[in-house]
Amino acid sequence: MDAYRAAGIIDNPPDSLRTWLKATGVQSVFSSVLPRSVQSARALVGSEYVRSSALFNEAAITIPPLSFRMKSSFWTTLGRIIWLCGGAAEEHVAECQVRARAIADVLMEAASESETVLMGHGWMNRMTGKELRKRGFERLTVTGNGFWSRASFHKPSQAFGNA
């Protein structure tokens, strides 16, 4: 697990993501402190725009101590299921839900001033997205779940009619 956390990016962001980012006029970019998140954000926008915090780190999972070899996707899926069922991890589900609410607070405050991007990680991104939807945001775009994928959220403005 330590090697996974220490891993950096292995490819460059796709042109479609760079084009989207440029078109949105993003000024606030957040990332976790894990190397691949920081490197991804810097590859997209340069280091001067990136604010990193452990708040945005991925939800930890515990890989069970079994002595047979399987693909890493099997181990991470098994570990995530155990975690969701209350199994031991560095951080429990309820703690991650509290963190997702704090992430939503940070993103909403930043988004009230400028277009905002979080270079995060799959599970915490899902939990944060769920929190944003609870707060009235709509998910506009989902491009997948893999590396360099994105989800876009927008809070519809309130319409005011003429009396």
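Just so it is clear, the structure is predicted and the values come from calculations on it, not from any experiment. (Residues numbered from 1 in each chain as written. Predicted model: local features only at pLDDT ≥ 70, side-chain atom pairs only at ≥ 80, totals over all residues. Heavy atoms only, no water.)

Caption draft 1: How the structure looks around a positive patch on the surface. A contiguous patch of positive charge on the surface is contributed by Arg 101, Lys 130, Arg 133, Lys 134 and Arg 139. When residues in the positive patch are grouped by element, the largest group, 3 residues, is from helix 6 (residues 122-134). (Patch = residues over 30% accessible without salt bridge, like charges linked within 9 Å, V, L, I, M, F, W, Y side chains within 5 Å. Areas by Shrake-Rupley, 256 points an atom, 1.4 Å probe, with all protein chains shown as cover. Salt bridge = Lys/Arg side-chain N within 4 Å of Asp/Glu carboxyl O. Lys, Arg positive; Asp, Glu negative; His and termini not counted. Charge placed at Lys NZ, Arg CZ, Asp CG, Glu CD. Helix = DSSP H or I, 4+ residues; strand = E, 2+ residues; numbered from the N terminus.)

Caption draft 2: View of the packing of helix 5 (residues 93-111) against helix 6. Helix 6 packs onto helix 5 with a crossing angle of 65 degrees between their chain directions and a minimal axis gap of 8 Å. As for the relative orientation of helix 5 and helix 6, their crossing is right-handed in sense. Only Met 124, Met 127, Thr 128, Glu 131 and Leu 132 of helix 6 make contact with helix 5, whose side of the interface consists of Val 93, Cys 96, Gln 97, Arg 99, Ala 100, Arg 101, Ile 103, Ala 104, Leu 107 and Met 108. Its residues placed into classes, the contact of helix 5 with helix 6 shows 10 nonpolar, 2 polar and 3 charged. (Axes fitted to C-alpha atoms, helices over the stretch in contact; angles between N-to-C directions. Left-handed = near helix turned anticlockwise from the far one by under 90°. Contact = heavy atoms within 4.5 Å. Nonpolar A, V, L, I, M, F, W, Y, C, P; charged D, E, K, R; others polar.)

Caption draft 3: How the structure looks around the packing of aromatic side chains. By the definition in use, this model includes 4 aromatic pairs. Seen from their ring centres, Phe 30 and Phe 56 are 5.5 Å apart, and the 50 degrees between their planes marks the pair as tilted. Residue Phe 30 is found in strand 1 (residues 28-31), and its partner Phe 56 is found in the loop between strand 2 (50-52) and helix 4 (72-84); the two are separated by 26 residues along the sequence. Judged on exposure class, the residue Phe 30 and its partner Phe 56 are both buried. Measuring from centroid to centroid gives 5.3 Å for Phe 74 and Trp 75, while their planes differ by 75 degrees, and the two rings are edge-to-face. (Phe/Tyr/Trp six-rings, centres within 6.5 Å; stacked < 30°, edge-to-face > 60°. Buried < 20%, exposed > 50% of the residue type's maximum accessible area, 1.4 Å probe, protein only.)

Caption draft 4: Region of the structure containing the environment of Thr 116. Following the sequence through the fold, Thr 116 ends up in strand 3 (residues 116-119). The spatial distance from the C-alpha of Thr 116 to the C-alpha of Val 26 is 5.6 Å, given a sequence separation of 90 residues. In this structure, Thr 116 is in contact with Ser 28, Phe 30, Leu 107, Ala 110 and Ala 111, ignoring residues within four places of it in sequence. For Thr 116, the side chain forms a polar contact with the main-chain nitrogen of Ala 111, separated by 3.3 Å. Of note is the side chain of Thr 116, whose polar atom sits 2.9 Å from the backbone oxygen of Ser 114. (Polar contact = N/O pair within 3.5 Å; in protein donor to acceptor, adjacent residues only side chain to side chain.)

Caption draft 5: Spatial organisation of the sheet that holds strand 3. An order of 2-1-3 is seen for the 3 strands of this open sheet, with the pairing classed as parallel. Looking at which strands have only one partner, the edges of the open sheet turn out to be strand 2 and strand 3. If you compare each strand with its neighbour and ignore which way they point, the axes differ by 25 degrees on average. In the sheet, strand 1 pairs with strand 3 via 4 bridges, with the strands oriented parallel. When the bridges of strand 3 are listed, Ser 28 appears paired with Thr 116. (Pairing = 2+ DSSP bridges.)

Caption draft 6: The environment of Glu 115, seen in detail. Among the structural elements, Glu 115 can be located in the loop between helix 5 and strand 3. Exposure remark for Glu 115: the relative accessible area of 45% places this residue in the partly exposed category. Setting aside chain neighbours within four positions, we find Glu 115 in contact with Thr 24, Gly 25, Val 26, Gln 27 and Ser 28.

Caption draft 7: Examining the confidence of the model for the protein chain more closely. Here the protein chain shows a mean pLDDT of 82. Residues at 70 or above account for 88%. Ranking the elements of the protein chain by mean pLDDT puts helix 1 (residues 2-6) last, at 54, and helix 5 first, at 93. Per-residue pLDDT stays below 50 along residues 158-163; that stretch engages in 0 contacts with residues further than four places along the chain or on separate chains. (pLDDT = per-residue confidence, 0-100.)

Caption draft 8: Geometry of the side chain of Ser 152. In this fold, Ser 152 is placed in strand 5 (residues 151-154). On the basis of relative accessibility, which here comes to 11%, the residue Ser 152 falls in the buried class. Excluding anything up to four places from it in sequence, Ser 152 contacts Trp 20, Glu 138, Arg 139, Leu 140 and Thr 141.

Caption draft 9: Quick look at helix 5. When the terminal C-alpha atoms of helix 5 are compared, their 26 Å separation across 19 residues agrees well with the 27 Å that a helix rising 1.5 Å per residue should span. Taken together, the buried residues of helix 5 touch strand 1, helix 4, strand 3 and helix 6. (Expected span 1.5 Å × (residues − 1).)

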